[in-house]
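# Working through the structure, step by step
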Amino acid sequence: MNKPSRLRRLFTCAGILAFGLAISGCYTVPETGRTGMVLFSESQIANMGKESFTELKTQVRVSNNRPKNEIIQRVGHRIASAVGRDLPEAEWEFVLIEDNTINAFALPGGKVGVHTGLFSIVEKEDDLAFVMAHEIAHITARHANQRISAQTLFAGIGLALAAGTSDMDSGERNLLLGLYGLGGTVGVSLPYSRLQEREADRIGILYAARAGYDPRRAIVFMEKMDNTAGGLHEYFSTHPSGKTRVENIEKYMNDAVAVFEDSSRQRKLDMD
Ligand SMILES: [Zn+2]
C-alpha cells in the first residue's frame, strides 16, 4: 500500500514540475543580459497593467497641478524615448497623483504614477528622473511577469505536494508543507526582490543617463532619503536600505556617466 502511493506522489510532483517547465519561456533582460523564466506572454501582462491603471485612476485623486505635471511629462517622455525598443508594447502614460506619501510606481504596459509627495524630497529633475527610470526598469526587465510566474510555479508544486502527501502522517505532512512554504519566502521571494531591485537600479541609472539626466544624482538622492527624519517612507519600505543600493549603483556608475556625457553632447549639438 505504501509503495505505490509514494511512487504516485513522486510522479505527481515530477509531472507538475515538467508541465511548469514545458509551458515556461526564457527571455533576456534588456541592458543586463540576464536570462529569466516567464510563464505568461508579455502582452497578457501589459494588458493586465493597462486595465489596473484605468481602474486605479478612478480610485485616486489625479492632480491638475500644472508645473508638476509638466515636469513629470517631460521627464517621463525623455525616459520613454531612452527605453525605446526595450518595451515595444508600451502605451506611455504619466499621471500625477494627489498623495503626500513619497512614492512612484510603474505598471506593465508603460503606465507610470507619481505621488505629489515625491516632490517634497526631489531637488532636481535628475532626482525625479532616477526614481521614474527605476520604476520603469522594473517593467522593461519583466519583473512582474517573472514574479507571477515563479509564484504560480511554486503554488502549483505546493498543490501537487499537498495532494501527493495526503496519505502521510499529519504531523509529518504539516512539517513538510510548512517547510515548503518557508522555503518559498526565504528561497524565492526575498532573493528575488533583492535581485530585482538591484537590477532596476542598474538599468534605471542607464535610462536616466541616456535621457540626459545626471546618474550621479541617484546617489545624492538615495543618501538624502536615508538621512531624512522618519526614514521609513512608503517607497523605501518596499526597497532595500540606501547604503546597500548605493554600493550596488557605484559598480555601474562609470558606464552610466559615460552614457550621460555622450547624450549631453548629442543634446547640445541638436540644440545648436
Ligand atoms: Zn524597485
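Report follows, based on the coordinates. The model shown is predicted, which means the values in this text are computed figures rather than measured ones.

## Comments concerning unusual backbone geometry
Here the phi dihedral of Glu 31 falls at roughly 75°; this positive angle occurs in a residue that is not glycine. One can find Glu 31 in the loop between β1 (25-28) and β2 (35-38). Its identity as a non-glycine residue notwithstanding, Arg 142 has a phi of 60°, on the positive side. Summarising the element assignment, Arg 142 is placed in the loop between α4 (125-140) and α5 (143-164).

## Here's the deal with the packing of aromatic side chains
Here the structure, examined in full by the defined rule, presents two aromatic pairs. With centroids separated by 5.8 Å and ring planes inclined at 10°, the aromatic side chains of Trp 92 and Phe 94 adopt a geometry described as stacked. Look at Phe 94 and you get buried, because its relative accessible area is 4%. Residue placement shows Arg 78 over the ring face of Tyr 213; its charged tip is 4.2 Å from the ring centre.

## Re helix α3 (residues 66-83)
For α3, built from 18 residues, the straight-helix expectation of 26 Å at 1.5 Å per residue is met to within 8% by its first-to-last C-alpha distance of 25 Å. All of the buried residues in α3 are Asn 69, Ile 72, Val 75, Gly 76, Ile 79, Ala 80, Ala 82 and Val 83. The arc that holds the buried residues of α3, viewed along the axis, is 155°, so those residues lie on one side. Facing away from the buried side of α3 by over 90 degrees, the exposed positions are Arg 66, Pro 67 and Ser 81. The opening residue of α3 is Asn 65, an N-cap whose side-chain oxygen sits 3.0 Å from the backbone nitrogen of Lys 68.

## A few points about the pattern of salt bridges
Applying the stated criterion across every chain, the model contains 16 salt bridges. Residue Arg 34 pairs with Glu 199 through a salt bridge whose shortest N-O separation is 2.7 Å. Taken as a pair, Arg 34 in the loop between β1 and β2 and Glu 199 in helix α6 (residues 170-210) lie far apart in primary sequence, 165 residues in all. Asp 201 serves as the salt-bridge partner of Arg 245, at 2.7 Å between the closest nitrogen and oxygen.

## A few points about the sheet that holds strand β3 (residues 93-97)
A sheet is described by the order of its strands in space; here three strands give the open sequence β3-β5-β4, paired in mixed fashion. Both outer strands of the open sheet, β3 and β4 (104-107), are each paired with one neighbouring strand and no more. Across the sheet, the mean angle separating the axes of adjacent strands is 15° when strand polarity is ignored. Alignment of β4 against strand β5 (residues 111-115), held across four bridges, turns out to be antiparallel. Within β5, the position partnered with Ala 104 by the bridge is Val 114. Relative to β4, α4 is tilted by about 30°, and along the sheet it contacts β3, β4 and β5.

## What to know about the environment of Gly 204
Residue position: Gly 204 is located in helix α6. For the pair Gly 204 and Val 131, spaced 73 residues apart in the sequence, the C-alpha separation amounts to 7.9 Å.

## Structural notes on the packing of α3 against α4
Closest axis-to-axis distance for the α3/α4 pair is 10 Å, and the angle between their directions is 45°. Judged by the angle between their axes, α3 and α4 are oblique. In this structure, α3 crosses over α4, and the sense of that crossing is right-handed. Note on element contacts: α4 touches α3 through Glu 125, Leu 128, Ala 129, Met 132, Ala 133, Ile 136 and Thr 140, opposite Ile 71, Ile 72, Arg 74, Val 75, Gly 76, Ile 79 and Val 83.

The rules behind each value
- Residues numbered from 1 in each chain as written.
- Predicted model: local features only at pLDDT ≥ 70, side-chain atom pairs only at ≥ 80, totals over all residues.
- Heavy atoms only, no water.
- Helix = DSSP H or I, 4+ residues; strand = E, 2+ residues; numbered from the N terminus.
- Phe/Tyr/Trp six-rings, centres within 6.5 Å; stacked < 30°, edge-to-face > 60°.
- Buried < 20%, exposed > 50% of the residue type's maximum accessible area, 1.4 Å probe, protein only.
- Lys NZ or Arg CZ within 6 Å of the ring centre and 35° of its normal.
- Expected span 1.5 Å × (residues − 1).
- Arc of directions from axis to C-beta.
- Polar contact = N/O pair within 3.5 Å; in protein donor to acceptor, adjacent residues only side chain to side chain.
- Salt bridge = Lys/Arg side-chain N within 4 Å of Asp/Glu carboxyl O.
- Pairing = 2+ DSSP bridges.
- Axes fitted to C-alpha atoms, helices over the stretch in contact; angles between N-to-C directions.
- Contact = heavy atoms within 4.5 Å.
- Parallel < 35°, antiparallel > 145°, perpendicular 65-115°, else oblique.
- Left-handed = near helix turned anticlockwise from the far one by under 90°.

Note that all results are geometric; they support no functional claim without further evidence.
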